[in-house]
Amino acid sequence: MSLFHSHPRPKKSSRRKFVFLGMFAPIARVSARKPEPGPGAVPLAQPQKGRTPVRKRARVFDAHLHCPSENGQVWQWHTVTKTFEEFVAYLDRTGVERGIINSVRCQLAKSPQEFIAGNREVARYAERYKGRFLGACVVNPMFIDEALREMEYCRKQYGMVWVGELCNYTVPYEYTVKEFELLVEQAVKLNMVLDVHTELEEMEFIIRKFPKATIVFPHFGDGNEYGHIFKRIDLVAANPNCYLDTSGYGHDRVGMLEYAVKSIGPDRVLFGSDFSINCPATVIARVEHAFLTEEQRRKILGGNLEALLAKAGWKEA
Ligand SMILES: [Zn+2]
């Protein structure tokens, strides 16, 4: 996920400014906007006076977790959860019951040996915490032969159905390269879900180029949060093979979750936190206070991810 990650990344000024942009967004433009309903457009719950009612929380299933590596690599701006056990304990504190994990070791890998080692770690954690965590495979397409083999191995050996989060800026590479196309083709062939971190232009390219892939785009917003957030949501709304996760910037802007559900529909918005970088409790709080129906809330917090995984052939442990 963009600059929320704790490691050095290429210095592109446009990606570094956005934290502040929303603060100066013209309010009139927001209120004047008439969203175009997407194919799944649905009514939301009506705003009501008074406190948010106390309700039994739906089970939270997190589509976006970066787990620490055995070699001590953690994605956190200031490290407070160093080990996998501490990572799990924090999820317990926030109420995340299940999640899809990928390894920081893979994210930072500069060789096939490293991303393979990271995926093995993830497979071991998924086995040790069966029913709680699902492993995701992360590969570097710049080593395309090893990457394609590794995807197949993870699918067949470990039953992994998720590739990513792929973050091209950590490697770095462009999504327009031939190797990435081969990676996507492999994911389609293996019926795996692709989870790809993108800026808006990259998202547009990927959607246009790969209509057969099942793609999760993390983050409502990107490096130009206010300028792109509506466009990103509208793109997912218009493409039924695409999903959006709530992590990172955007979900905390009041109304954006409602806009996403209204335009995309309630079935393709996934709960994602991007922990260990961001706190899952902030996302849970917004989902719980949002003007959504109980059924929409249940779907976002976990039901949609279960349905997506089932489509990819995942069977609950
Ligand atoms: Zn992330």
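Note that the structure is a prediction, hence the values are computed from the model and not measured. All residue numbers here refer to positions counted from 1 along the written sequence of the relevant chain. With pLDDT at 70 or above as the cut-off, local features in this predicted model cover only qualifying residues; side-chain atom pairs require 80 or more to be listed or tallied, and sums for whole chains, interfaces and linings still use all residues.

Numbering of helices and strands runs from the N terminus; a helix is a DSSP stretch of H or I covering at least four residues, while a strand is a stretch of E covering at least two. Each helix and strand counted, the protein chain has 12 helices and 8 strands in total. Our exposure labels follow a C-beta count within 10 Å of each residue's own C-beta, placed from the backbone: buried means 20 or more other C-beta atoms, exposed means 12 or fewer, and partly exposed covers the counts in between. Sorting the 317 residues of the protein chain into buried and exposed places 48% on the buried side. The contact criterion used is a C-beta to C-beta distance within 7 Å, with each C-beta placed from the backbone. For the protein chain, the proportion of contacts with a sequence separation of at least 24, taken over those separated by at least 6, is 77%.

This brings us to helix α11 (residues 280-289). All of the buried residues along α11 are Pro280, Val283, Ile284 and Val287. In a view along the axis of α11, the buried residues occupy a sector of 100°, so they form one face of it. Residues of α11 that are buried make contact with β1 (60-67), α3 (84-94), β2 (96-103), α10 (256-264) and α12 (294-311). By definition, the arc is the one covered by directions from the helix axis to the C-beta atoms.

On to the confidence of the model for the protein chain, then. Interpreting fine coordinate detail is not advised for predicted regions of low pLDDT. Every residue gets a pLDDT, meaning the predictor's confidence in that residue, from 0 to 100. Mean pLDDT for the protein chain: 87, with 83% of residues reaching 70 or above. Across residues 1-32, where pLDDT falls below 50, the model places 47 contacts with residues more than four positions away in sequence or in other chains.

Counting 87 residues, the largest nonpolar core has Trp162, Val163, Ile233, Leu244, Ala260 and Phe271 as its most contacted members. With residues near it in sequence (within four places) discarded, Ala260 still touches Phe220, Ile233, Leu244 and Val269. Nonpolar cores are identified as sets of buried Ala, Val, Leu, Ile, Met, Phe, Trp, Tyr and Cys residues joined via C-beta atoms within 7 Å.

Our next topic: α10. Extensive coverage of α10 is indicated by the burial of 8 of its 9 residues. Residues of α10 that are buried sit in contact with α9 (225-238), β7 (242-245), β8 (269-270), α11 and α12.

Attention now goes to the pairing of β1. Most of β1 sits out of view: 8 of its 8 residues are buried. Two strands pair when backbone bridges link them, and β1 and β2 are joined in this way by 6 bridges, in the parallel orientation. Within the sheet, the bridge partner assigned to Asp62 lies in β2 and is Gly99. Each parallel crossover has a hand, and for β1 linked through α3 to β2 it is right-handed. Strand pairing requires that DSSP identify at least two bridges connecting the strands. By convention a crossover is right-handed if, when the strands point away from the viewer, the path from the first strand over the helix to the second runs clockwise.

Judged by pairing direction, the sheet is parallel, and its 3 strands sit side by side in the order β1-β2-β3 without closing on themselves. Two strands close off the open sheet at either side, each with one partner strand: β1 and β3 (133-135). On average, each strand axis in the sheet is tilted by 25° relative to the strand beside it, whichever way the strands run. Across 3 bridges, the pairing between β2 and β3 is parallel. Simply put, an axis is a line fit to the C-alpha atoms, just over the touching stretch for a helix, and the angle between two N-to-C directions goes from 0 to 180 degrees.

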